[in-house]
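# Commentary on secondary and tertiary structure
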Amino acid sequence: MLTTTHPAEVPVYGRLQLQPERGAGSTVVGADGRRFLDLYGGHAVAVSGHCHPRVVAAIREQAERLLFYSNAVPLESRDRLFGLLAEMAPAPLDQAFLVNSGAETNDVALQLTRRVTGRRRVITFEGGFHGRTLATLAVSGIQRYRDLAEASGGQSILDLTVIAPWGRPEVLPALVDETIAAVIVEPIQGLAGAREVGADILRTLRRACDDAGAVLVFDEVQCGCGRTGAFTAAQSYGVTPDILTLAKGIAAGLPMGAVLLSPRIAKHVSQGDLGTTFGGGPIPCAAAAANLEVIRDQNLADRALHLERRLRQGLADLPAVTEITGRGLLLGLRLDRPARPVQLRLFERDILVGSATDPSVIRLLPPLVLTEDEVDTFVRRLHEALS
Ligand SMILES: Cc1ncc(COP(=O)(O)O)c(C=O)c1O
């Protein structure tokens, strides 16, 4: 019997009865040999698939030469990654700071917006999730996480948070006034169930931030790295923020986050203003550089849109799926019933999918190397699971 929480582990996670031993492409194989089609992507991480050979080779090659050295020295793999980020991200987001997780990227982004503007208040969106540091909990658009911030002593940061209501764009321009340091937004809200903010609202936010002198931050920790049909959702929607954060899919599973800055922000950052020991270490950088090359060279962003079309076609005659939200390969399937039992029935049929804070939504965040046959297999098994 598989134990899902070791007695010596703090029991904070609910776990599936699956102990993955290996993975390739969109497949993970359990210790018992059972093969799963992974449309959860290890939580949106496996953008280039599990164990892409180019990424594995880059990690191995780097590990055999040097496991670690800090930011006190230049590193070839780190510089290669900076070059790729500048090439693939939208102009003028051409400088980056590297950290170890998504929450850390947003924490850094929030710090910078407050330091640069000299203001303290931050607008966030109802339903948004930005991580689990104290500052990022406090800007969550989900009450449960703001409660954790409050219980952890974060009241002063909570007092500086303004929550923009979902689906009421007309109130936004008045909210972004000259007391606001920043607006932080996921262009597609992941945890809320792959909800698109939409190009019109992103443009409204861009204009309002420009008018008020506030900083626009896109949290692309989940929706970035090719998932929406371009390297960043900013490029998919044609709206460029001042700061854009990436994590999850950037290094194919090694811990990394990148905070991308426009010159407007970067010119205020000097030596000693930010720092980290492990951020920008050689192995995550080698993995991320190889991973971004795969995303670029295999046109995985285009592939995400192609597979989205196939999925939407396959699900069109399934009345139990009442709506498909999101874009590319960050999709929410709204069901006419609770999603959890369907998720479990899919698990019995060897398919992994994600859930959302909305209990009727199944979230899909698969590798972008998914095959057409795998899309069709999912569609068939979802038909079975719903019948
Ligand atoms: C949009 C978004 N921002 C931030 C985070 C936090 O990232 P991490 O868990 O790497 O700290 C997540 C994680 O799910 C996320 O989806």
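## Observations concerning the layout of surface pockets
In this model, the largest pocket occupies a volume close to 1600 Å³. Only helix H1 (41-44), helix H4 (102-117), helix H6 (143-151), helix H14 (339-348) and strand S15 (351-352) provide two or more residues apiece to the lining of the largest pocket. Here the lining of the largest pocket gets four residues from one element, more than from any other, and that element is H14. Its residues assigned to classes, the lining of the largest pocket comprises 22 nonpolar, 14 polar and nine charged.

## Notes on the pairing of strand S5 (residues 121-125)
Across the five residues that make up S5, a large majority, four, are buried. Bridging between S5 and strand S7 (residues 180-185) involves three bridges; their strand directions are parallel. Residue pairing across strands places valine 122 opposite alanine 182, the latter belonging to S7. Here S5 pairs with strand S6 (residues 161-164) via four bridges, running parallel. Across the sheet, threonine 124 pairs through a bridge with isoleucine 163, a residue of S6.

## Examining the sheet that holds S6
Taken in spatial order, the seven strands of this open sheet run S4-S12-S11-S10-S7-S5-S6, and their pairing is mixed. Where the open sheet ends on each side, the last strands, each with one partner, are strand S4 (95-99) and S6. Here the average twist between neighbouring strands, direction ignored, is 20°. Sheet contacts for H4: S4, S5, S7, strand S10 (215-219), strand S11 (243-246) and strand S12 (257-261); angle to S11, the most-contacted strand, approximately 165°.

## Considering the nonpolar core
The biggest cluster of nonpolar side chains holds 87 residues, and the ones touching the most others in it are Leu85, Ile250, Phe378 and Leu382. Leaving out residues up to four positions away in the same chain, leucine 382 has contacts with Leu315, Leu318, Val321, Leu333, Val342 and Leu346.

## Comments concerning the site of the ligand
Neighbouring residues of the ligand: 13 residues in total, closest Gly102, Ala103, Asp219, Gln222 and Lys248. Between an oxygen atom of the ligand and a main-chain N or O atom of alanine 103, the distance comes to 2.8 Å. At a separation of 2.8 Å, an oxygen atom of the ligand approaches a polar side-chain atom of glutamine 222. The element that contributes the greatest number of residues to the shell around the ligand is H4, accounting for three residues. Its residues placed into classes, the shell around the ligand shows three nonpolar, seven polar and three charged.

## Things to note about the sheet that holds strand S2 (residues 27-30)
What the four strands build is an open sheet, ordered S1-S2-S3-S15; its pairing is mixed. Single-partner strands in this sheet number two, and they are strand S1 (20-24) and S15. Across four bridges, the pairing between S1 and S2 is antiparallel. Paired with arginine 22 across the two strands is valine 29, which belongs to S2.

## Some words on the packing of helix H13 (residues 300-315) against helix H15 (residues 372-386)
Between H13 and H15, whose axes approach to 10 Å, the crossing angle comes to 30°. With respect to each other, H13 and H15 are oriented roughly parallel. As for the relative orientation of H13 and H15, their crossing is right-handed in sense. Touching Arg303, His306, Leu307, Arg310, Leu311, Gly314 and Leu315 of H13 are Glu372, Val375, Asp376, Phe378, Val379, Leu382 and His383, all from H15.

## Some words on H4
Three or four residues apart is the spacing at which side chains of an α-helix point the same way, because the helix has 3.6 residues per turn. Between its first and last C-alpha atoms H4 spans 23 Å; for 16 residues at 1.5 Å apiece the expected length is 22 Å, and the two agree. Within H4, 12 of the 16 residues are buried, which leaves the element mostly enclosed by the surrounding structure. The set of residues buried in H4 consists of Gly102, Ala103, Thr105, Asn106, Asp107, Val108, Ala109, Leu110, Leu112, Thr113, Arg114 and Val116. Just downstream of H4, glycine 118 is the residue with a positive phi angle, here 70°.

## With respect to a nonpolar patch on the surface
A surface patch of nonpolar side chains, about 350 Å² in accessible area, is lined by Val10, Val12 and Tyr13. Relative to the elements of secondary structure, valine 12 occurs in the segment before S1.

## With respect to the pattern of salt bridges
Considering all chains together, one arrives at 21 salt bridges under this definition. For arginine 34, the salt bridge is made with aspartate 350, and the minimal N-O distance between the two is 2.7 Å. Separated by 316 residues along the polypeptide, arginine 34 in the loop between S2 and strand S3 (35-38) and aspartate 350 in the loop between H14 and S15 bring together distant segments of the chain. Between arginine 168 and glutamate 170 there is a salt bridge whose closest N-O contact spans 3.2 Å. For glutamate 170, a relative accessible area of 56% gives the class exposed. A single network of salt bridges, built from pairs that share partners, joins Arg54, Glu76, Arg80, Glu87, Glu293, Arg296 and Asp297.

What counts, and where the lines are drawn
Residues numbered from 1 in each chain as written. Predicted model: local features only at pLDDT ≥ 70, side-chain atom pairs only at ≥ 80, totals over all residues. Heavy atoms only, no water. 1 Å grid on protein atoms, 1.4 Å probe; cavity = no way out; pocket = protein on both sides within 12 Å on 5 of 7 lines; lining within 4 Å. Points joined across faces, edges and corners; volume = space filled by probe spheres on them. Helix = DSSP H or I, 4+ residues; strand = E, 2+ residues; numbered from the N terminus. Nonpolar A, V, L, I, M, F, W, Y, C, P; charged D, E, K, R; others polar. Buried < 20%, exposed > 50% of the residue type's maximum accessible area, 1.4 Å probe, protein only. Pairing = 2+ DSSP bridges. Axes fitted to C-alpha atoms, helices over the stretch in contact; angles between N-to-C directions. Contact = heavy atoms within 4.5 Å. Core = buried A, V, L, I, M, F, W, Y, C linked by side-chain atoms within 4.5 Å. Near = heavy atom within 4 Å. Polar contact = N/O pair within 3.5 Å; in protein donor to acceptor, adjacent residues only side chain to side chain. Parallel < 35°, antiparallel > 145°, perpendicular 65-115°, else oblique. Left-handed = near helix turned anticlockwise from the far one by under 90°. Expected span 1.5 Å × (residues − 1). Patch = residues over 30% accessible without salt bridge, like charges linked within 9 Å, V, L, I, M, F, W, Y side chains within 5 Å. Areas by Shrake-Rupley, 256 points an atom, 1.4 Å probe, with all protein chains shown as cover. Salt bridge = Lys/Arg side-chain N within 4 Å of Asp/Glu carboxyl O.

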